[in-house]
Amino acid sequence: MAADESLTAVSDSLTAGLSNLSLSPAQPLSLPPCPKSYISITYQGPAPNPTTSPLPMSPLPSSSGPPLPAQLLHCQLLTSTTAVKLYYEVLLSCPSFTHQAGDTVSIICPNTEEEILQLCSRLKLEEVWTKECNLAIATDTKKAKAKLPAWLPTTTTLEMLFKHHLDIRAVPKKPLVRSLLEHTSGEEDKRTLAMLCSKEGGQEYMAKVRDSQLSLLELLAMVPSCLPPVTVLLEQLPRLIPRPYSLSSSPLAT
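Residues numbered from 1 in each chain as written. Predicted model: local features only at pLDDT ≥ 70, side-chain atom pairs only at ≥ 80, totals over all residues. Heavy atoms only, no water.

### Quick word on the overall build of the chain
Along its length, the chain carries eight helices and seven strands. Sorting the 254 residues of the chain into buried and exposed places 35% on the buried side. Accessible surface for the chain amounts to roughly 15100 Å². Of this, 55% is attributable to carbon and sulfur atoms. (Helix = DSSP H or I, 4+ residues; strand = E, 2+ residues; numbered from the N terminus. Buried < 20%, exposed > 50% of the residue type's maximum accessible area, 1.4 Å probe, protein only. Areas by Shrake-Rupley, 256 points an atom, 1.4 Å probe, with all protein chains shown as cover.)

Structure follows, in structure tokens:
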């Protein structure tokens, strides 16, 4: 499978890049408390089509109205591929809306099909990926006053959740790393995650995760024996939020 080959390549490169982690077996580590799980998920039969709107649930940050569908017509790189910042010329087709120069337009960019299929394969979710699922508060949760995130639909599919609602490219925060540790079997992998989320591993986390802009897929490739339940990611991944851009033109006559 192409997704498996891609993950293998990522794992190989990360193994080389993280070979200098301070993983002395004798070094004691101070771990933060593990976040309490609070979401339960149940699966039904094949999802009707469509299961839910492909647009993220409102309200969106800084939104002045409901989201509008758009189609990418043109995208051209204006700078060299080695430039410090890449600039693109983009042409979108969308319903008309009132705007003027200086306004901000936010573009909602779904996660790529390639990446979500890699995640599906990595978490072994193929059998339930497109089934209708229902999210609820777990009856046995120990989390006080647990509430479902308002921006997650309660009836949808995992495919829709990971494509349109969860930011799988966000740098994993320490609570997520700590949660992954609980679902890891290999001793070396456990030590790696423990170091990254520990008090003693603060510099390692900054250098190898934050500063390197490590993604979830890259972190999972680094610890192959880690197999978390999908609810861990639903609880710990941030919302996929729109990307803001300032308008320099206006439809008004000058």
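### Topic: the packing of helix α2 (residues 113-122) against helix α3 (residues 158-165)
With their axes 10 Å apart at the nearest point, α2 and α3 run at an angle of 130 degrees to one another. Judged by the inter-axis angle, α2 sits oblique to α3. Remark: the crossing between α2 and α3 carries right-handed chirality. Here E113, I116 and L119 of α2 come into contact with α3, specifically with E159, F162 and K163. Taken together, the residues of the contact of α2 with α3 break down into three nonpolar, no polar and three charged. (Axes fitted to C-alpha atoms, helices over the stretch in contact; angles between N-to-C directions. Parallel < 35°, antiparallel > 145°, perpendicular 65-115°, else oblique. Left-handed = near helix turned anticlockwise from the far one by under 90°. Contact = heavy atoms within 4.5 Å. Nonpolar A, V, L, I, M, F, W, Y, C, P; charged D, E, K, R; others polar.)

### Quick notes on unusual backbone geometry
For K145, which is not a glycine, the phi torsion comes out positive at approximately 50 degrees. Here K145 shows up in the loop between β5 (131-137) and β6 (155-156). Of note in the backbone geometry, Q213 takes a positive phi value of approximately 55 degrees without being a glycine. Mapped onto the secondary structure, Q213 falls in the loop between α6 (202-210) and α7 (216-222).

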